[in-house]
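What follows is the residue order along each chain.
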Amino acid sequence: MDYAKRLELRSSTDNRQGSLALELRPTPGLATPLTGNLVRRLGLGRSTETGIRIGRFPLTINTVTPALTYQMNRLTHVRLQ
């Protein structure tokens, strides 16, 4: 296998990151936000004696964060996360 011809092994173009935020407001003082993050990158693999990295692998990290926010008045709100 020729290392120079395998673009996914020698490039950082596979590193991607994105996020999404949704919020539902069932009543005027209550909000239920949901935030999600996605990170995809190539793992480092391991080095040989010659310094060449081998065994790189795709790594995907997903996180979802739910929350509940209640606004008591114009200046005060409570957030559970």
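Structural notes, computed from the coordinates. Everything numeric in this text was worked out from a predicted model, so none of it was measured. (Residues numbered from 1 in each chain as written. Predicted model: local features only at pLDDT ≥ 70, side-chain atom pairs only at ≥ 80, totals over all residues. Heavy atoms only, no water.)

1. Things to note about the overall build of the protein chain
A tally of regular secondary structure across the protein chain gives one helix and seven strands. The order of α-helices and β-strands along the protein chain, N terminus first, is α-β-β-β-β-β-β-β. For the protein chain, the residues scored as buried account for 14% of the 81 residues in total. Considering only contacts within the protein chain whose residues lie at least 6 apart along the sequence, 37% involve residues at least 24 apart. Taken as a whole, the protein chain presents about 6800 Å² of accessible surface, with 58% of it coming from carbon and sulfur. (Helix = DSSP H or I, 4+ residues; strand = E, 2+ residues; numbered from the N terminus. Buried < 20%, exposed > 50% of the residue type's maximum accessible area, 1.4 Å probe, protein only. Contact = heavy atoms within 4.5 Å. Areas by Shrake-Rupley, 256 points an atom, 1.4 Å probe, with all protein chains shown as cover.)

2. Notes on the pairing of strand 7 (residues 77–80)
Note: strand 6 (residues 68–71) against strand 7, four bridges, orientation antiparallel. From the neighbouring strand, Q71 faces strand 7, where its bridge partner is H77. Taking the residues that link successive antiparallel strands as the turn, the strand 6-strand 7 hairpin has five residues. (Pairing = 2+ DSSP bridges.)

3. Section: the pairing of strand 6
For a regular strand, side-chain orientation follows a simple rule: the groups alternate between the two sheet faces. Across two bridges, the pairing between strand 2 (residues 30–42) and strand 6 is antiparallel. Counted as the bridge partner of A31 is T69 from strand 6.

4. Notes on the pattern of salt bridges
A full pass over the atoms with the stated rule returns one salt bridge. R25 is the partner of E23 in a salt bridge, and the nearest nitrogen-oxygen pair spans 2.9 Å. Since its relative accessible area comes to 52%, R25 is described here as exposed. (Salt bridge = Lys/Arg side-chain N within 4 Å of Asp/Glu carboxyl O.)

5. Brief notes about the environment of N37
By the secondary structure assignment, N37 is in strand 2. Judged by relative accessible area, which is 34%, N37 ranks as partly exposed. Residues N37 and T65 lie 28 residues apart in sequence; the distance between their C-alpha atoms is 8.7 Å.

6. Quick look at the side chain of T69
Considering the arrangement of structural elements, one finds T69 in strand 6. There is a polar contact of 3.4 Å between the side chain of T69 and the side chain of R79. (Polar contact = N/O pair within 3.5 Å; in protein donor to acceptor, adjacent residues only side chain to side chain.)

7. Looking at a nonpolar patch on the surface
A contiguous nonpolar surface patch, about 470 Å² in accessible area, is contributed by L68, Y70, M72, V78 and L80. Every element with two or more residues in the nonpolar patch is listed here: strand 6 and strand 7. (Patch = residues over 30% accessible without salt bridge, like charges linked within 9 Å, V, L, I, M, F, W, Y side chains within 5 Å.)

8. Description of the environment of I61
Its place among the elements puts I61 in strand 5 (residues 58–66). Considered as a pair, I61 and N37 are 24 residues apart in the sequence and their alpha carbons are 8.0 Å apart. Aside from chain neighbours lying at most four places away, what touches I61 is N37, L38 and V39.

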